[in-house]
Amino acid sequence: MVDGWFRDGGADGFVLLGTRCADCSAVFFPREDGFCRNPGCGGEALAEVALSRYGTVWSYTEGRYRPPPPYAVDPDVPWEPYLLVAVELAAERMVVLGQAAPGVTLADLVVGAEVEVVPGVLGDGAATWHWRPVGAAR
Amino acid sequence: MSGAAGDIAVLGAGMHPWGKGGRGFLHYGTVAARAALADAGVDWRDIGSVVGADTVRGGYPGYVAGASFARALGWQGARVTSVYAACASGAQAIGTARAQLLAGLADVVLVVGADAAPKGFFAPAGGDRQDDPDWLRFRLLGAVNPVYFGLFARRRMAVHGETPEDFALVKVKNAAAGALNPYARYRTAVTAGEVAASPVVADPLRLLDICATSDGGAALVLSSMDFARRRGVIDPVRIRAVSTVTPVYPRTVLDLPDIATDSAIAADPPPELFRASIARAAYEEAGIGPGDLSLAEVYDLSTALELEWYEDLGLCAAGEAVKLLRDGATALGGRVPVNPSGGLASFGEAVPAQAIAQVCELTWQLRGVAGARQVPGARVGITANQGLFGHGSAVVAVR
Ligand SMILES: [Zn+2]
């Protein structure tokens, strides 16, 4: 699933992977491997780049209804509300959406607070990324 | 072309009442089309072009509209066009009709949009489509549409200090207007307490903050000003602008269906946000400004989103939308009523029809025939919405 969107392990720990345009340095996530989308550029050389591991909360919400397919859920596990966090990455000047790590609650989140990217697992066992408030328990 | 030189006439407007009627989209669209033709006093066989806003046809792997409506009304050889632009489909259908009229390709055009919406949340088409960001946001994140509405709402709370109680007042206002509209699905008043008592869908938004999915249909008969004159229609409602602009890179506000925004490190963000640029393009084309408006019809997918439109339309400065709402300026009887039809709060979403339905409402308001919800002396109206994937949509109508 989504090959090349993130990488676990190594000295960097868990990171999201985007691409960077060699000509204008614009960053893309999800990765853009064909053509730079900056209308003033036109570059075609896009190299893989690790995104910042830390960011700040731009906004967040808790979904209380079970999403329709193709959302991955385990039919044997009772449905639980889930949190989505939109995170601003200062170095990339972009916002990246992701689910909050298990155990994070609404009360743990506030706009502007620092979060880090951590490995996660989807309902069908596929790997994904999660956002977790810095300092929160694992 | 801008100003009166680009005018086209609205000869007829028609709708099928919205709801969950259990019929197919063709039924709703055909009822609306027949109503618009009757309103215009134009025989279907005299229509030179039919433009359909697309819907997914049950069991058919594709998007169909224009020819389906032409067949339902009786094949008569008209030019045909079908357009898909998600929530902006209706505006693009109107834009297409307008371009044909101004280019002299047709004298009178029928525009139709209709849908029979599935139950529950909108979901992407099936299959395993990992190259489709719209599919991926559901698959990876469970990012249904209300999740984005919740993110917008929470962001406004953080930036502007708004509260869920503020958002609820939008629903109270729109439900009061919708109660006066025979085409609306929901026709009862709603209290702030009822909004607060409804279940949370995407925190901080509750069920009554978020529009439903509906069945519905809407249609317009549009013509050149010459055709209208020849028919003895001297002072029709006129469409003076249709904005269908895209965003400008880098787009820095997270919005449906994206998983991330553009990065702003290679180019500075544009001076205005996408929604504001949609309205500005319409104002510039029409040669008017926010101060000229008698009313506005905007996509209130959520209560919080309607507040954002106040600012994007230039009705007030950033952060002052709640003040405008609380002052009653955007309610019926106020300085510039917003969603006098009742909005999506009262209609629900029938995607290909809604942008056309907005123009039906402007037409009735500018004709002065909107009954109990009439905005007195209405002369200028704007519609505004945006379609998924970067489709702008705004229409200016004048009388
Ligand atoms: Zn570039």
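This structure is a prediction, so every number in the text was calculated from the model and none was measured. Per chain, residue numbering runs from 1 following the sequence as it is written. Numbering of ligands from 1 and lettering of chains from A proceed in the order in which they are written. Confidence filtering applies because this is a predicted model: local features only for residues at pLDDT of at least 70, side-chain atom pairs given and counted only at 80 or more, and all residues used for totals across whole chains, interfaces and linings. Where side-chain values are given, they derive from all heavy atoms of the structure, hydrogens and water being excluded.

### Considerations on the overall build of chain A
Heads up, the condition is: Going along the chain from the N terminus, every DSSP run of H or I of four or more residues is numbered as a helix, and every run of E of two or more is numbered as a strand. Burial classes: relative accessible area under 20% of the type maximum marks a residue as buried, over 50% as exposed, and values in between as partly exposed (1.4 Å probe, protein chains only). Note on contacts: a residue pair is in contact if any heavy atoms of the two residues lie within 4.5 Å. The sign given to each residue is positive for Lys and Arg and negative for Asp and Glu; His and the chain ends receive no count. Where a charge lies is defined by one atom per residue type: Lys uses NZ, Arg uses CZ, Asp uses CG and Glu uses CD.
Along its length, chain A carries 0 helices and 9 strands. Walking chain A from its N terminus toward its C terminus, one meets helices and strands in the order β-β-β-β-β-β-β-β-β. Counting across all 138 residues of chain A, residues that qualify as buried make up 47%. Pairs at least 24 residues apart make up 53% of the contacts formed inside chain A by residues separated by at least 6 positions. With 10 positive and 18 negative side-chain charges, chain A shows a spacing of 4 Å between the two charge centroids.

### Examining the domain arrangement of chain A
By a frequent convention, interface size equals the accessible area lost on bringing the separate parts together. Residue and element names in this part refer to chain A. To keep it simple, the criterion reads: Source of the domain bounds: an automatic or database domain assignment. By definition here, a salt bridge exists when the distance from a side-chain nitrogen of Lys or Arg to a carboxyl oxygen of Asp or Glu is within 4 Å. For the purposes of these results, a polar contact is taken to be a pair of N or O atoms within 3.5 Å, where, inside protein, one atom must be able to donate a hydrogen and its partner to accept one; residues adjacent in sequence count only when each atom of the pair is a side-chain atom. Each residue gets one of three labels, nonpolar for Ala, Val, Leu, Ile, Met, Phe, Trp, Tyr, Cys and Pro, charged for Asp, Glu, Lys and Arg, and polar for the others, Gly among them.
Each assigned domain of chain A is listed here: domain 1 (6-50) and domain 2 (54-133). Opposite the 7 residues of domain 1 that make contact, domain 2 presents 10 residues. For the interface between domain 1 and domain 2, the tally reads 0 salt bridges. On inspection of domain 1 and its partner domain 2, the count reaches 0 residue pairs in polar contact (both at pLDDT 80 or more). Looking at the side of domain 1 that touches domain 2 residue by residue, the classes come out as 6 nonpolar, no polar and 1 charged.

### Brief notes about the sheet that holds strand E5 (residues 79-83) of chain B
Hydrogen bonding along the main chain pairs the strands of a sheet, whether they run parallel or antiparallel. Residues and elements named next belong to chain B. Threshold: Strands pair, by our definition, only if DSSP identifies at least two bridges between them. Fitted lines through C-alpha atoms serve as axes, helices being fitted only where they are in contact, and the angles separating the N-to-C directions of these axes extend from 0 to 180 degrees.
Strand order in the open sheet made by the 9 strands is E5-E2-E6-E9-E1-E10-E13-E12-E11, with mixed pairing throughout. The outermost strands of the open sheet, each flanked by one partner alone, are E5 and strand E11 (295-298). Adjacent strand axes in the sheet meet at a mean angle of 25°, parallel and antiparallel pairs treated alike. Where strand E12 (residues 380-387) lies against strand E13 (residues 391-398), 8 bridges are found, and the strand directions are antiparallel. Paired with Gln386 across the bridge in E13 is Gly392. Of the strands in this sheet, strand E10 (237-243), E12 and E13 are in contact with helix H9 (residues 274-286), which crosses E10 at around 135°.

### Description of the pattern of salt bridges
Residues and elements named next belong to chain B. Tallied over the full model, the rule gives 35 salt bridges over all chains. Its salt-bridge partner being Glu308, residue Arg156 comes within 3.6 Å of it at the nearest N-O pair. Taken together, the residues Arg156 in helix H5 (residues 145-160) and Glu308 in helix H10 (residues 303-312) connect sequence positions 152 residues apart. Residue Glu308 is classed as buried on the basis of its relative accessible area of 15%. Here Arg229 makes a salt bridge to Asp226, at a shortest N to O gap of 2.9 Å. One end of the pair, Arg229, and the other, Asp226, are both in helix H8 (residues 225-230), 3 residues apart, so they sit about a helical turn from each other. Residues joined by salt bridges that share partners form a network here, namely Arg156, Glu162, Arg251, Asp255, Arg275, Glu308, Glu311 and Asp312.

### Quick notes on a nonpolar patch on the surface
The condition that has to hold: Patches draw on residues past 30% relative accessible area with no salt bridge. Two like charges within 9 Å are joined, as are two nonpolar side chains (Val, Leu, Ile, Met, Phe, Trp, Tyr) within 5 Å. For the area figures, the Shrake-Rupley method with a 1.4 Å probe applies, and any residue is considered shielded solely by the protein chains shown.
There is a patch of nonpolar side chains on the surface, built from Val56, Tyr63, Tyr84 and Phe389 of chain B and spanning about 410 Å² of accessible area. When you line up the elements, Phe389 of chain B lands in the loop between E12 and E13.

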